[in-house]
Amino acid sequence: MSELEFRVAIREAIAEELERDPAVVFFGEDVAAAGGVFNVTPGLQERFGADRVFDTPISELALAGAAFGAAVTGLRPIVEVMFGDFMGLAMDSLVNQAAKFWFVSNEQGRVPLVVRSAVGGGGRFGAMHSQIHGTWFQGVPGLKIACPSSPAEAKGLLKAAIRDDNPVLFLEHKRLLGLKGEIDADPLPFGKARIARAGSDLTIVSVMKGLHDSLAAAEELAGEGIDCEVIDLRTIKPLDIETVIASVERTTRLLVVEEGPLTGGWAGEVMARVTEQALGSLDDAWRLATADTPIPYSPPLEDAFLPGSATIIQSVKERSA
């Protein structure tokens, strides 16, 4: 195993899939010549040529439409929508075309496309560049949503996404791009959560940066006699609810931590499924998310707005009192 930054793990996954499969192409805004606004993809165009790695005009709807057309005619496109906040502009091609093509083709057609986007707050980008769009698409049948929290997951889930015959939304948290960690070359299966920390008193479930905040909170809470089990979902669609339920049956308490609005979030879906399937095992269950307001630009307000490790610790202590 080697240790790489999160952004380099993504770059390696794209490069290895371009090398492995001549049907893979990669395009988006400033991803080729400039190497991406977050410096994730430099050097790919030089290595694979302008026919397979290229820049597009500034039109998310156009590149999403091009990706759908490429996917249904034999290619395996990877596209980048620079900020996840702009995914509303690409929604028609993804929701009404890509996600439904397999169903309306009587299960004969396939749409092997991946849409990568930078997401998340904490980077001082303001309300229109700091959202996590996964829940906008959560209720759309036919789409998968990956939420890696480590370089190993970034590479493994992206390789799996590129090889998948269904459309995948791939979320890359901006605050994790510089994170270093060990990686390997194997794809990771979708819908398979990871127990990041074993514990006996409380189950905490999260993804992406929330996973790291939850682990930090768990370590501090352990010093106060509260032993938390932390689960990294890895994908919010499909959900590995079985792993969560198995944990809740041991701990009897559940906290779901989501960086996103409390109303309509994926945390609510986890809570609903656990309640439906394991109600008898629960002593307590609650969500921790952001307020139902836009993300502030002011650094102190943004820090107070996001559910970090201190917020998790305070929430657990209040419920444990």
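Worth saying up front: this structure is predicted, and the values here are computed from it rather than measured.

Enquirer: It is not clear to me how the overall build of the protein chain should be interpreted in this structure. Could you clarify?
Expert: Looking only at helices and strands, the protein chain features 12 helices and 14 strands. The C-alpha radius of gyration of the protein chain comes to 19 Å, within 12% of the 20 Å expected for a compact globule of 321 residues. Expressed along its principal axes, the backbone C-alpha trace of the protein chain runs to roughly 60 × 45 × 40 Å. Within the span of the protein chain, comprising 321 residues, buried residues form 55% of the whole. If you take every contact in the protein chain between residues at least 6 apart in sequence, the share linking residues at least 24 apart comes to 82%. Summed over its atoms, the accessible surface of the protein chain is roughly 12,900 Å², and 53% of this surface lies on carbon and sulfur atoms. The positive charge centre, built from 29 side chains, and the negative charge centre, built from 45, are 2 Å apart in the protein chain.

Enquirer: Please clarify how a nonpolar patch on the surface should be interpreted in this entry.
Expert: A cluster of nonpolar side chains, contributed by Trp102, Phe103 and Val104, occupies part of the molecular surface with about 310 Å² of accessible area. Assessed through its relative accessible area of 44%, Phe103 is described here as partly exposed.

Enquirer: Explain the sheet that holds strand β4 (residues 76–83) to me, please; I cannot follow it from the model alone.
Expert: Strands pair in a sheet through their backbones, by hydrogen bonds, and they do so in one of two ways: parallel or antiparallel. Across the sheet, which stays open at both edges, the seven strands sit in the order β3-β2-β4-β5-β7-β6-β12 with mixed pairing between neighbours. Strands with a single pairing partner mark the edges of an open sheet, and in this sheet they are β3 (53–55) and β12 (235–237). Going across the sheet, the axis of each strand differs from the next one's by a mean of 20 degrees, ignoring polarity. Examined bridge by bridge, strand β6 (residues 144–146) and strand β7 (residues 168–173) share three bridges and lie parallel to one another. Bridging from a neighbouring strand, Ala146 pairs with Phe170 of β7. Across the sheet, helix α1 (residues 6–20) lies against β2 (24–28), β3, β4, β5 (114–119) and β7, angled at about 135 degrees from β2, the strand it touches most.

Enquirer: Can you walk me through the side chain of Lys155 in this structure?
Expert: Here Lys155 lies in helix α7 (residues 151–163). With a relative accessible area of 3%, Lys155 lands in the buried category. At 2.8 Å, the side chain of Lys155 forms a polar contact with the side chain of Glu16. Setting aside chain neighbours within four positions, we find Lys155 in contact with Ala9, Glu12, Ala13, Glu16, Ile183, Asp184 and Ala185.

Enquirer: Please clarify how empty space enclosed by the protein should be interpreted in this entry.
Expert: Gaps left between atoms show up when a probe the size of a water molecule is rolled over them. Under the defined criterion, the tally for this structure stands at one cavity of 30 Å³ or more. Taken as a whole, the largest cavity holds about 70 Å³ of empty space. As for the largest cavity, its lining consists of Gly36, Val37, Phe38, Val40, Glu80, Met82, Arg116, Ser117, Ala118, Glu172 and Leu177. Where the lining of the largest cavity is concerned, the elements lending two or more residues are β4 and β5. In terms of residue count, the dominant contributor to the lining of the largest cavity is β5 (three residues). Class assignment of the residues belonging to the lining of the largest cavity gives a composition of six nonpolar, two polar and three charged.

Enquirer: Sorry if this is basic, but what is going on with the packing of α1 against α7 here?
Expert: To characterise two packed helices, one gives the angle between the axes of the helices and the distance between these axes. Contact pair α1 / α7: the axes reach a minimum separation of 8 Å and the direction vectors enclose 30 degrees. Here α1 lies roughly parallel to α7, going by the angle between them. Considering the relative orientation of α1 and α7, their crossing is right-handed. From α1, Phe6, Ala9, Ile10, Glu12, Ala13, Ile14, Glu16, Glu17 and Arg20 reach across to α7, where they touch Pro151, Ala154, Lys155, Leu158, Lys159, Ile162 and Arg163. Here the residues of the contact of α1 with α7 sort into nine nonpolar, no polar and seven charged.

Enquirer: So what exactly am I meant to see when it comes to the sheet that holds strand β11 (residues 228–232) here?
Expert: Taken in spatial order, the five strands of this open sheet run β9-β11-β10-β13-β14, and their pairing is mixed. A strand with exactly one partner marks an edge of an open sheet, and here the two such strands are β9 (194–197) and β14 (284–290). Going across the sheet, the axis of each strand differs from the next one's by a mean of 25 degrees, ignoring polarity. With three bridges connecting them, β9 and β11 associate as antiparallel partners. Considered in β11, the bridge of Arg194 is made with Asp232. Against the sheet, helix α12 (residues 309–320) engages β10 (202–206), β13 (253–261) and β14, with an angle of about 150 degrees to β14.

Enquirer: What is the right way to read the environment of Glu302 from this model?
Expert: Tracing the sequence through the fold places Glu302 in helix α11 (residues 299–305). Residues Glu302 and Ala127, 175 residues apart in the sequence, show an inter-C-alpha distance of 9.7 Å. When sequence neighbours within four positions are dropped, the list of residues in contact with Glu302 reads Gly121, Gly122, Gly123, Arg124, Ser130, Ile295, Pro296 and Tyr297. In terms of polar contacts, Glu302 uses its side chain to reach the side chain of Arg124, at 2.9 Å.

The rules we used
- Residues numbered from 1 in each chain as written.
- Predicted model: local features only at pLDDT ≥ 70, side-chain atom pairs only at ≥ 80, totals over all residues.
- Heavy atoms only, no water.
- Helix = DSSP H or I, 4+ residues; strand = E, 2+ residues; numbered from the N terminus.
- Rg over C-alpha atoms; globule rule 2.2 N^0.38 Å.
- Buried < 20%, exposed > 50% of the residue type's maximum accessible area, 1.4 Å probe, protein only.
- Contact = heavy atoms within 4.5 Å.
- Areas by Shrake-Rupley, 256 points an atom, 1.4 Å probe, with all protein chains shown as cover.
- Lys, Arg positive; Asp, Glu negative; His and termini not counted.
- Charge placed at Lys NZ, Arg CZ, Asp CG, Glu CD.
- Patch = residues over 30% accessible without salt bridge, like charges linked within 9 Å, V, L, I, M, F, W, Y side chains within 5 Å.
- Salt bridge = Lys/Arg side-chain N within 4 Å of Asp/Glu carboxyl O.
- Pairing = 2+ DSSP bridges.
- Axes fitted to C-alpha atoms, helices over the stretch in contact; angles between N-to-C directions.
- Polar contact = N/O pair within 3.5 Å; in protein donor to acceptor, adjacent residues only side chain to side chain.
- 1 Å grid on protein atoms, 1.4 Å probe; cavity = no way out; pocket = protein on both sides within 12 Å on 5 of 7 lines; lining within 4 Å.
- Points joined across faces, edges and corners; volume = space filled by probe spheres on them.
- Nonpolar A, V, L, I, M, F, W, Y, C, P; charged D, E, K, R; others polar.
- Parallel < 35°, antiparallel > 145°, perpendicular 65-115°, else oblique.
- Left-handed = near helix turned anticlockwise from the far one by under 90°.

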